Amino acid sequence: MKKLFINIITVLILFTAAALEQGHSQTGKEQEVLVPYMEFKYLKNTDNQRILEAKVSLPGDLGLEPIEGLTVKFFTNMDNPVPMGEAITDSKGIAKYIIPDDYAIPVDEEGYWWFYAESEADDKYDISMAEVTVRDVTLDMALNEGEEGKKVILKAYTIVDGEKVPVSDEDIFVYVPRMFSLLPVAEGYFIDGVAEVEFPEDVPGDDEGNITVIGRFNDHWQYGNVEQRVATKWGIPASHEVAETHRTLWTQIAPRWMIVTLTIMLAGVWGHYVFAIISMVRIKRTTKKMK
Amino acid sequence: MEIRNKSLLKDFTSEIVTTSRKWYLLFGFFVIIWALGVYALVLQIDKGHVVTGMRDNVVWGVYIVNFIFFMGLSYAGALISGVLHLFKSPWRAPVIRFAELITVISLCVGPFFIFFCIGRLDRLPFLFAYPRIQSPITWDVIAICTDLIGCFIFLYLSLIEDFAILRDTKDISFKPWKRKLYEVLALGYQGTEKQYKLLSRAKNIMAAMIIAIAIIVYSVLAWIFGVTLQPGWHSTIFGPYFVIAAVFSGTGLLIILMQIFRKIYRLEKYITKKHFVNVGVLLLIIAAFYGYFTFSDYLTKWYGSVKMDKLLIDKLFEDYYFLFIFANYLGILIPIIIVGIPKFRNIRNIVIAAVIALLGLWINRYIIVVPTLETPFLPIQDYRPDFIKYSPTWVEWALTAAGVAVFGIFMMLVSKIAPLVSISEMKSTENNKITLTPEV
């Protein structure tokens, strides 16, 4: 009995010690520094503005959760990185840096620009970094509507050793903006710097048919994101107005279905009442007859 | 028509012939409360609705809650009495008259609360003079009037046989005016085969009609809320939800009245534990349905996360937390537990369950009406606390109590003229003990 008691006490002490050790190791644990994830993009927009866009987020249970308020620094020149500027991530975790027009971006031996972004570390987050290499391309877009239908004419060239070199053997997509993203509506192929793309006839626009046509190298392996936008009336006019309806309750006369329904119901009910009353009258008459 | 079982007749008619001290005490108590209500009403008419808690936003307060509540009791009474009659439940006899009386008396009391709500009572006749068929208020007026008449006819039909028995009873000395009254009200009914057939057919038809009318009429009342776009009210299940809730409250009241009048009129021999358990089981089943509808209604509103619905539900779980829990959890679960577990199933506990159900239902009505009106689409312009949050005043409570008192007064007055346990129903269920013999 005594031995059993000692065994129980020993087991209890061991459990308690193990629990205390676990608790101690948990409380003594230093706060873990989180490692963010960075997406880095180069965009040349329709105004020929060059934009560096870094999105910093943290992998979470619900996917990538953006981190707001982090400082991201942007660099160029791979051999000897030169700081270009910095930006702070917004609520979507995006830090944007617009490269000034007069900024002379160093070109490497093969004619590529190199960009590098790095988010600053703090008590909570470790640094995150990403780089992108692109070749500058000039993209022009014109819309042509003739007997052969609607065509998007795209022209693109790069500068190599001070000379224009037309883009060839590259795909390009034509998009229209929809509610959440860009919808690809047609695909083209560059031959000698020109791509002719047929624009479909059945793309809905606004109520007047206005639509924005976008020719875009989208995440291109060589050019990054380069786009041109033109607003036109090539869309099918789509009315988004909800037809005006009047609540029939406000009309002078009730809807016919309502009058009919109510009449049938009331006639049915009151008919039975009348039957019950007639039955009572007949009971009374029966007595009189008996007397 | 005479009844052979004299002791039975004596038991049922004792309060018609003599008046006990208990009766006077209870009646006096109700009259005092009613008088207080009259004073409150005079004050309200004199000073205006400023003496109530109702303001620009919450224009429907306790009065409307009482209106819905009383109408619910009425429709429940109609449903229960109609179903018991049609399906010839063997235990219905001591219960059915209570259900019929609840129907008619609640229907007489309920609409008065609408009048208390109206600021310009002088415009009330316009509702009848210029009715608009497409207005839910007009539907309600038509429905209540139709229901009231139907329920009166059904009650009267079920009383004819009893009046005939009382008219022909020689052993009990009624006052002359009362015997004369029975003569008139009995319509000369002698219990002949033809008369019995006529009466039975009329009763069966009216029983079926009042079930249908009760469902439609209470649905109409629910639609007054449901057809508006107000948060919390705009719901397609409000019709059946209200009907189930009404039956729930009516069953609760039936149990309470059975107990009160059982004690006052010493009807323990006729209203037994079996009757309480049977009505209690009905309460349990309806509580389950009612709980299901309540959950379904709030779940869809919460999941939809429409801005206004969300605001309303937040308000219910913050400002009205305890009322919400009582009405929608305790008010449903306690009756289910008490009646559901055989160990707890005795008369006292079933009555407690009924009281909780009835209270829970009243509070449920309150949290349907008031929080919605405190959550308007447009911001409340006046920031005085009584504009933002409704709080009933003593005037409203006094008139509420007066409504309950009037219900009691009517019930007690009826008990002085008609037996509260239907003798004719007892005849059909206990045919071996009581026999009616036609005189002619």
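Residues numbered from 1 in each chain as written. Chains lettered and ligands numbered in written order. Predicted model: local features only at pLDDT ≥ 70, side-chain atom pairs only at ≥ 80, totals over all residues. Heavy atoms only, no water.

Draft legend 1. Just the nonpolar core, in detail. Counting residues in hydrophobic clusters, the biggest one holds 150 residues, and the most contacted among them are Ile-68, Phe-98, Leu-157, Tyr-218, Leu-254, Tyr-366 and Phe-407 of chain B. Apart from the residues within four sequence positions on either side, Phe-98 of chain B is in contact with Leu-254, Leu-257, Met-258, Phe-261, Ile-271, Met-411 and Leu-420 of chain B. Within the second largest apolar cluster, 24 residues are counted, among which are Phe-40, Ala-54, Met-84 and Ala-95 of chain A. (Core = buried A, V, L, I, M, F, W, Y, C linked by side-chain atoms within 4.5 Å. Buried < 20%, exposed > 50% of the residue type's maximum accessible area, 1.4 Å probe, protein only. Contact = heavy atoms within 4.5 Å.)

Draft legend 2. Representation of a positive patch on the surface within the structure. Residues Arg-282, Lys-284, Arg-285, Lys-288 and Lys-289 of chain A together with Lys-194, Lys-197 and Arg-201 of chain B make up a contiguous surface patch of positive charge. Going through the elements one at a time, helix 2 (256–290) of chain A together with helix 8 (193–226) of chain B are the ones with two or more residues in the positive patch. With 5 residues, the single largest contributor to the positive patch is helix 2 of chain A. Inspection of the secondary structure puts Lys-197 of chain B in helix 8. (Patch = residues over 30% accessible without salt bridge, like charges linked within 9 Å, V, L, I, M, F, W, Y side chains within 5 Å. Areas by Shrake-Rupley, 256 points an atom, 1.4 Å probe, with all protein chains shown as cover. Salt bridge = Lys/Arg side-chain N within 4 Å of Asp/Glu carboxyl O. Lys, Arg positive; Asp, Glu negative; His and termini not counted. Charge placed at Lys NZ, Arg CZ, Asp CG, Glu CD. Helix = DSSP H or I, 4+ residues; strand = E, 2+ residues; numbered from the N terminus.)

Draft legend 3. Up close: the packing of helix 3 (residues 62–86) of chain B against helix 4 (residues 93–117) of chain B. All names here are of chain B. Two elements in contact, helix 3 and helix 4, have axes whose closest approach is 7 Å; the angle formed by their N-to-C orientations is 155 degrees. Here helix 3 is positioned roughly antiparallel relative to helix 4, judged by the angle of their axes. Considering how the two elements wind past one another, helix 3 and helix 4 form a crossing that is left-handed. Class assignment of the residues belonging to the contact of helix 3 with helix 4 gives a composition of 21 nonpolar, 8 polar and 1 charged. (Axes fitted to C-alpha atoms, helices over the stretch in contact; angles between N-to-C directions. Parallel < 35°, antiparallel > 145°, perpendicular 65-115°, else oblique. Left-handed = near helix turned anticlockwise from the far one by under 90°. Nonpolar A, V, L, I, M, F, W, Y, C, P; charged D, E, K, R; others polar.)

Draft legend 4. The interface of chain A and chain B, seen in detail. Listed by partner, the interface residues are 29 residues for chain A and 31 residues for chain B. Three residues, Tyr-273, Met-280 and Ile-283 of chain A, lead the burial of chain A against chain B; their summed loss comes to 25% of the area buried on that side. Across the contact surface, chain A and chain B share 5 residue pairs in polar contact (both at pLDDT 80 or more). Of the residues in the side of chain A that touches chain B, the class split is 18 nonpolar, 8 polar and 3 charged. (Buried area = accessible area lost by both parts, 1.4 Å probe. Polar contact = N/O pair within 3.5 Å; in protein donor to acceptor, adjacent residues only side chain to side chain.)

Draft legend 5. Examining the side chain of Ser-128 of chain A more closely. Residue and element names in this part refer to chain A. Counting through the fold element by element, Ser-128 comes out in strand 8 (residues 128–134). Within the local environment of Ser-128, its side chain forms a polar contact with the side chain of Ser-119, the two groups lying 2.5 Å apart. In contact with Ser-128, other than residues within four places in its own chain, are Pro-36, Met-38, Val-56, Ala-117, Glu-118 and Ser-119.

Draft legend 6. View of the domain arrangement of chain A. All names here are of chain A. Looking at the assigned domains, one finds that chain A contains domain 1 (37–134) and domain 2 (137–232). Measuring from the centre of the C-alpha atoms in domain 1 to the corresponding centre in domain 2 gives 26 Å. With 10 residues of domain 1 at the contact, the number on the domain 2 side is 13 residues. Contact between domain 1 and domain 2 buries roughly 870 Å² in total, counting both sides, with carbon and sulfur atoms accounting for 40%. Contact with domain 2 buries area across many residues of domain 1, yet Lys-44, Thr-46 and Tyr-112 alone supply 50% of it, more than any other trio. (Domains from an automatic or database assignment.)

Draft legend 7. The arrangement of unusual backbone geometry in detail. Residues and elements named next belong to chain A. Look at Asn-77: it is not a glycine, yet its phi comes out positive at around 70 degrees. Residue placement: Asn-77 occurs in the loop between strand 4 (71–76) and strand 5 (82–88). Assessed through its relative accessible area of 23%, Asn-77 is described here as partly exposed. We note that Asp-161 has phi near 55 degrees; this positive angle belongs to a residue other than glycine. Looking at the element boundaries, Asp-161 is found in the loop between strand 10 (149–160) and strand 11 (163–166). A residue is classified by how much of its surface remains accessible, and Asp-161, at 76% relative accessible area, is exposed.

Draft legend 8. Expanded view of the confidence of the model for chain B. With 95% of its residues at a pLDDT of 70 or more, chain B has an overall mean of 87. Within the model, the stretch residues 432–440 of chain B combines pLDDT values under 50 with 25 contacts to residues more than four positions away or in other chains. (pLDDT = per-residue confidence, 0-100.)

Draft legend 9. Highlighting helix 13 (residues 347–373) of chain B. Its 27 residues place the ends of helix 13 of chain B 40 Å apart at the C-alpha level, agreeing with the 39 Å of an ideal helix rising 1.5 Å per residue. Residue Asn-346 of chain B occupies the N-cap position of helix 13 of chain B, its side-chain oxygen lying 3.3 Å from the main-chain nitrogen of Arg-348 of chain B. (Expected span 1.5 Å × (residues − 1).)

Draft legend 10. Molecular detail of a nonpolar patch on the surface. All names here are of chain B. On the surface, Tyr-329, Leu-330, Leu-333, Ile-337, Ile-341 and Phe-344 cluster together into a nonpolar patch covering about 500 Å² of accessible area. With respect to the helices and strands, Ile-341 occurs in the loop between helix 12 (321–340) and helix 13. With a relative accessible area of 36%, Ile-341 lands in the partly exposed category.

Draft legend 11. Layout of the sheet that holds strand 4 of chain A. All names here are of chain A. Pairing is antiparallel across the open sheet formed by 4 strands, whose spatial order is 5-4-7-8. With partners counted over all chains shown, the strands left at the sheet margins are strand 5 and strand 8, one partner each. Recorded for the sheet is a direction-independent mean angle of 20 degrees between the axes of neighbouring strands. Alignment of strand 4 against strand 7 (residues 113–119), held across 5 bridges, turns out to be antiparallel. Opposite Thr-76, over in strand 7, you have Phe-115 as the bridge partner. (Pairing = 2+ DSSP bridges.)

Draft legend 12. Geometry of the pairing of strand 3 (residues 63–66) of chain A. Residues and elements named next belong to chain A. The pairing of strand 2 (residues 50–60) with strand 3 spans 4 bridges and is classified as antiparallel. Among the inter-strand pairings, Leu-58 is bridged to a residue of strand 3, identified as Glu-65. Where strand 2 folds back on strand 3, the antiparallel hairpin that results is connected by 2 residues.

Draft legend 13. Region of interest: the pairing of strand 10 of chain A. Residue and element names in this part refer to chain A. Here 10 bridges tie strand 9 (residues 137–146) to strand 10, and the two strands are oriented antiparallel to one another. Counted as the bridge partner of Gly-146 is Gly-149 from strand 10. When strand 10 meets strand 14 (residues 194–198), the two strands line up antiparallel, connected through 5 bridges. Note that in strand 14 the partner of Lys-151 across the bridge is Glu-198. Sheet topology places strand 10 next to strand 11; 4 bridges connect them, and they run antiparallel. From the neighbouring strand, Val-160 faces strand 11, where its bridge partner is Glu-163. Between strand 10 and strand 11, which pair antiparallel one after the other, the connecting turn spans 2 residues, and Asp-161 there sits at a positive phi close to 55 degrees.

Draft legend 14. Local environment of a negative patch on the surface. Where like charges cluster on the molecular surface, the negative patch consists of Asp-79, Asp-108, Glu-109 and Glu-110 of chain A. Position of Asp-79 of chain A relative to the elements: it lies in the loop between strand 4 and strand 5.

Draft legend 15. Summary view of the packing of helix 4 of chain B against helix 15 (residues 394–415) of chain B. Residue and element names in this part refer to chain B. For the pair helix 4 and helix 15, the least separation of the axes is 10 Å and the interaxial angle reads 145 degrees. Where helix 4 crosses over helix 15, the two elements pack in a sense that is right-handed. Taken together, the residues of helix 15 that come into contact with helix 4 (itself represented by Phe-98, Leu-101, Ile-102, Ile-105, Ser-106, Cys-108, Val-109, Phe-113 and Phe-116) are Leu-399, Thr-400, Gly-403, Val-406, Phe-407, Phe-410, Met-411 and Val-414. A per-class count over the contact of helix 4 with helix 15 returns 14 nonpolar, 3 polar and no charged.

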